Amino acid sequence: MSSEQRHAPTEDDLTATRRAKLAELRAQGWSYPNHFTPTKHAGELHAAFGETDGAQLDEAKHPATVAGRVVAKRAFGQASFVVVEDVTGRIQTYLRRDQLTPEEHALAKSLDLGDLIGVAGWVFRTRTGELSVHGTSVVLLAKCVHPLPEKWHGLTDVEIRYRKRYLDLIANGAESRPVFLSRSKILAGIRSFLVARDYVEVETPILQSIAGGAAARPFLTHHNTLDMELQLRIAPELFLKRLLVGGFERVFEIGRNFRNEGISTQHNPEFTMLEFYQAYATCDDLLPLVEEMIGGLALALHGTTKVKYGEHDIELGAGWTRLSLIDAAAAAAGCAPHDLRNEPKARAVAQQHGVPIPPGAGAGGIATALFEHFVEPTLIQPTFVTGFPAEVSPLARANDDDPFVVDRFELYVVGRELANGFSELNDPDDQRARFLKQLENRGQGDDEAHPMDEDYVHALEHGMPPAAGCGIGVDRLTMLLCNAQSIRDVVLFPLLRPAAKA
RNA sequence: GAGCCGUUAGCUCAGCUGGUUAGAGCAUCUGCCUUUUAAGCAGAGGGUCCCGGGUUCGAUCCCCGGACGGCUCACCA
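Residues numbered from 1 in each chain as written. Chains lettered and ligands numbered in written order. Predicted model: local features only at pLDDT ≥ 70, side-chain atom pairs only at ≥ 80, totals over all residues. Heavy atoms only, no water.

K.L.:
Would you mind going over the packing of helix α11 (residues 343–353) against helix α12 (residues 363–375) in detail, with residue names and values included?
P.N.:
Where α11 contacts α12, the two axes come as close as 8 Å, and the packing angle between them is 30 degrees. In terms of their interaxial angle, α11 and α12 are classed as roughly parallel. Pair α11 / α12 crosses with left-handed handedness. On the side of α11, the interface is formed by E343, A346, R347, V349, A350 and H353, while α12 contributes A363, I366, L370 and F374. When the residues that make up the contact of α11 with α12 are grouped by side-chain class, the tally is seven nonpolar, one polar and two charged. (Axes fitted to C-alpha atoms, helices over the stretch in contact; angles between N-to-C directions. Helix = DSSP H or I, 4+ residues; strand = E, 2+ residues; numbered from the N terminus. Parallel < 35°, antiparallel > 145°, perpendicular 65-115°, else oblique. Left-handed = near helix turned anticlockwise from the far one by under 90°. Contact = heavy atoms within 4.5 Å. Nonpolar A, V, L, I, M, F, W, Y, C, P; charged D, E, K, R; others polar.)

K.L.:
Could you give an account of α12, with specific residues and numbers?
P.N.:
Along an α-helix, residues three or four positions apart point the same way, because every turn accommodates 3.6 residues. Helix length check: α12, at 13 residues, gives a terminal C-alpha distance of 17 Å against a target of 18 Å (1.5 Å per residue), a fit within 8%. With 10 of 13 residues buried, α12 lies mostly within the body of the structure. Of all the residues in α12, the buried ones are A363, G364, G365, I366, A367, T368, A369, L370, F371 and V375. Along its buried surface, α12 packs onto β14 (321–324), α10 (325–333), α11, β15 (383–386) and β16 (408–413). (Expected span 1.5 Å × (residues − 1). Buried < 20%, exposed > 50% of the residue type's maximum accessible area, 1.4 Å probe, protein only.)

K.L.:
Which residues make up the protein's contact with RNA strand B, and what values do they have?
P.N.:
Taken together, 55 residues are adjacent to RNA strand B, and R74, R127, T128, H267 and R476 come closest. If you look at RNA strand B and keep only atoms within 4 Å of the protein, 56% of those are sugar or phosphate atoms. Between RNA strand B and the protein, one listed contact pairs a base oxygen with a backbone N or O atom of R127 at 2.4 Å. A distance of 2.9 Å separates a sugar or linking oxygen of RNA strand B from a polar side-chain atom of R259. Those elements that provide at least two residues to the surface near RNA strand B are α1 (13–27), β1 (63–75), β2 (79–86), β3 (89–96) and α5 (158–163). (Near = heavy atom within 4 Å. Polar contact = N/O pair within 3.5 Å; in protein donor to acceptor, adjacent residues only side chain to side chain.)

K.L.:
Can you break down the layout of surface pockets residue by residue, with the values?
P.N.:
Taken as a whole, the second largest pocket spans an internal volume of roughly 480 Å³. Elements that contribute at least two residues to the lining of the second largest pocket include exactly β1, β2, β3, α6 (165–171) and α7 (173–195). The residue makeup of the lining of the second largest pocket, split by class, is 10 nonpolar, five polar and nine charged. (1 Å grid on protein atoms, 1.4 Å probe; cavity = no way out; pocket = protein on both sides within 12 Å on 5 of 7 lines; lining within 4 Å. Points joined across faces, edges and corners; volume = space filled by probe spheres on them.)

K.L.:
Quick rundown of the sheet that holds strand β7 (residues 207–208)? Include the residues and the values.
P.N.:
Hydrogen bonding along the main chain pairs the strands of a sheet, whether they run parallel or antiparallel. If you trace the three strands from one edge of the open sheet to the other, you get β7-β9-β8, paired in antiparallel fashion. Of all the strands in the sheet, the pair left with one neighbour each is β7 and β8 (220–223). Bridge count between β7 and strand β9 (residues 228–232): two bridges; the pairing is antiparallel. Bridge pairing links L207 to L232 in β9. (Pairing = 2+ DSSP bridges.)

K.L.:
Pulling in residues and values, what's your account of the nonpolar core?
P.N.:
By size, the foremost hydrophobic cluster in this structure holds 45 residues, and its most contacted members are I190, L274, F276, V290 and I472. Of the residues forming this core, the biggest block, nine residues, is contributed by helix α9 (residues 283–302). Contacts of I472, omitting those with residues within four sequence positions, involve T272, M273, L274, F276, V290, M293, I294, L418, A419 and L477. In this structure, A330, V355, Y412 and M452 belong to the second largest nonpolar core, which totals 42 residues. (Core = buried A, V, L, I, M, F, W, Y, C linked by side-chain atoms within 4.5 Å.)

K.L.:
Outline the packing of α7 against α9, listing residues and values.
P.N.:
The description of two helices packed together rests on the angle between their axes and the distance between the axes. It is the contact of α7 with α9, at a shortest axis distance of 10 Å, that shows an interaxial angle of 140 degrees. Judged on the interaxial angle alone, α9 and α7 are oblique. Handedness of the α7/α9 crossing: right-handed. Here α7 contributes S182, K185, I186, G189, I190, F193 and L194 to the contact with α9, which in turn contributes L289, E292, M293, L297 and L301. Classifying every residue of the contact of α7 with α9 gives eight nonpolar, two polar and two charged.

K.L.:
Could you give me a rundown of α10, with the residues and numbers involved?
P.N.:
All buried positions along α10 are accounted for by L325, I326, A328, A329, A330 and A333. The inward-facing, buried residues of α10 abut β14, α11, α12 and β15. Of the residues flanking the end of α10, it is G334, one or two places downstream, whose phi is positive at about 70 degrees.

K.L.:
For the packing of aromatic side chains, give the residues involved together with the corresponding values.
P.N.:
Going through the model one piece at a time under the given rule, you end up with nine aromatic pairs. Ring centres of F76 and F81 lie 6.2 Å apart, and the angle between their planes is 80 degrees; this geometry places the pair in the edge-to-face category. F76 sits in the exposed class, given a relative accessible area of 53%. Site record: aromatic cluster; members linked through ring pairs are F76, F81, Y94 and F124. Lying across the ring of F388, R408 places its NZ or CZ 4.3 Å from the centre. (Phe/Tyr/Trp six-rings, centres within 6.5 Å; stacked < 30°, edge-to-face > 60°. Lys NZ or Arg CZ within 6 Å of the ring centre and 35° of its normal.)

K.L.:
Please provide a residue-by-residue account of the sheet that holds strand β10 (residues 250–258), values included.
P.N.:
Reading across from one edge, β6-β10-β11-β18-β17-β16-β15-β14 is the order of the eight strands in this open sheet, with mixed pairing throughout. Each edge of the sheet is formed by a strand with only one pairing partner; in this case those strands are β6 (200–201) and β14. Against the sheet, α9 contacts β11 (270–279), β14, β15, β16, β17 (416–423) and β18 (467–473), and its axis sits at roughly 35 degrees relative to β18. This element, α10, spans β14 and β15 of the sheet and lies at about 75 degrees to β14.

K.L.:
Describe the side chain of T52, listing the residues and the values that go with them.
P.N.:
Along the polypeptide, T52 turns up in the loop between α2 (42–49) and α3 (54–60). Each residue touching T52, except ones within four places of it in the same chain, is listed here: L57 and R125.

K.L.:
Could you give an account of the environment of R488, with specific residues and numbers?
P.N.:
Looking at the element boundaries, R488 is found in the segment after α15 (474–482). Classification of R488 by relative accessible area gives buried; the value is 18%. In this view, R488 contacts Y162, R165, I263, S264 and P494; residues no more than four positions away in its chain are not counted.

K.L.:
Pulling in residues and values, what's your account of the pairing of strand β13 (residues 312–315)?
P.N.:
One ladder, built from four bridges, connects strand β12 (residues 306–309) with β13; its direction is antiparallel. Looking at the pairing, K306 lines up with E315 of β13. Hairpin connection of β12 to β13: two residues between the antiparallel strands, including G310 at a positive phi of 55 degrees.

K.L.:
Help me get a handle on the domain arrangement of chain A, residues and values and all.
P.N.:
Along its sequence, chain A is carved into domain 1 (10–148) and domain 2 (171–320 + 381–489). Summarising the inter-unit geometry, the C-alpha centres of domain 1 and domain 2 are found 48 Å apart. (Domains from an automatic or database assignment.)

As structure tokens, this is what we get:
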């Protein structure tokens, strides 16, 4: 390739070199072998022989076959040290000419960082004391034709980490993999917690004709043969409650919700939510359940209910603070609680503090805006906020003594909403009226107002047992328990714009 | 959607006030090396300085526009 001639952007030289090696192997008949069975993981070998001295190992010559990715290679003329990484960790292999066929020796010399190989041999300890596998055969399992990120600094470009998560896992596996293992444990922990309490796991539609159950804008899609507009669900709530009508008494679903909104460190357009519903329970019954679940998950993951999140030390052991939304908002805004029940007065308070008033908001909506503005960011330790205005809770049951509010709570930790639960509204006429009120708000410009769902009201008209339900954002819970500052660090493949065409 | 910041070799990063041929380490290639530990030694190759305009004798650098990303804000969980 002449240097004065500006060649078209062809393949990178590093990749070309590796492809040439691959072509050579193929010419010799190699073709991505399918049958290879390792007998040991790296972690097993370290666990079994980590304390065994070299003389004993030489005596016993324990056989071992390992497989994994080449993550380091130190080659000499007639021998090489090749470090292989599998899901449990790393093990060094030692490949020398006098133990291999000529073809294997040539392969060992041509190995690139990133290749997947299998090595059979015996366990030994090198002169410098490192536990290794002395190879008697080596086979290439898959070729890596692209150069991998540098071994010392790893991959720091966050865009590539999210876009090509496999590279993040290869290059930064020690840091990024544990988060996803923890996420798996959290999901399993939630399931076993609820199943142990007689909850039934169910799956409800993601494709819905009216996406309801939350205040959010949906994604739109289309069914071709039915020629039908569909929306991706924004919450499973209304279907889970139809199941309560049908006779299930305790149900839960862990699933993806889709909300057509902005992206931030705390928002991914698709996110995982746990929702659970219990008949013959009230809102108050759920608080201890949530405490126990989240505290138990922390204990299972970390062995303690104290977790570190950024600068904060969070105590997730039971006994969380409880706070009334209206009282807290009034205290922060320096007015009397009853002022926030009166729309003109509430409006004046908000204007006095320069807090924007949502379109169509009445006293309840304004009180909530004040709460979110002043109080929410200050709730660092786990706090249950109760007494939400009915106006902002179209699916929750009004309080018997004070119909201005509903029997509802939200859980806040490190200034973020983590869970939302309430006694369910099972009065179909009240539900219809609330939906109509939401339609009014929609007319006034609130495009996240809840749509009318006659089918759901019709279900309620058959009688839904008194019940309470709760939703927990699994991604945010994982962030909290894994000390992750961005939701993209706990979602394997976060949504990104398509990469610019290079 | 708005504001601020960023984008230089495959990766991690330098690059002065605008100056001639844009550097380093790792990685790669060639040679030597049968117990290394970020192996070593000798040599070599590798760049659309994110893209498009503008200013200038001259732009990686200054100005304008755009793409992508990060952070903050707004909305939600």
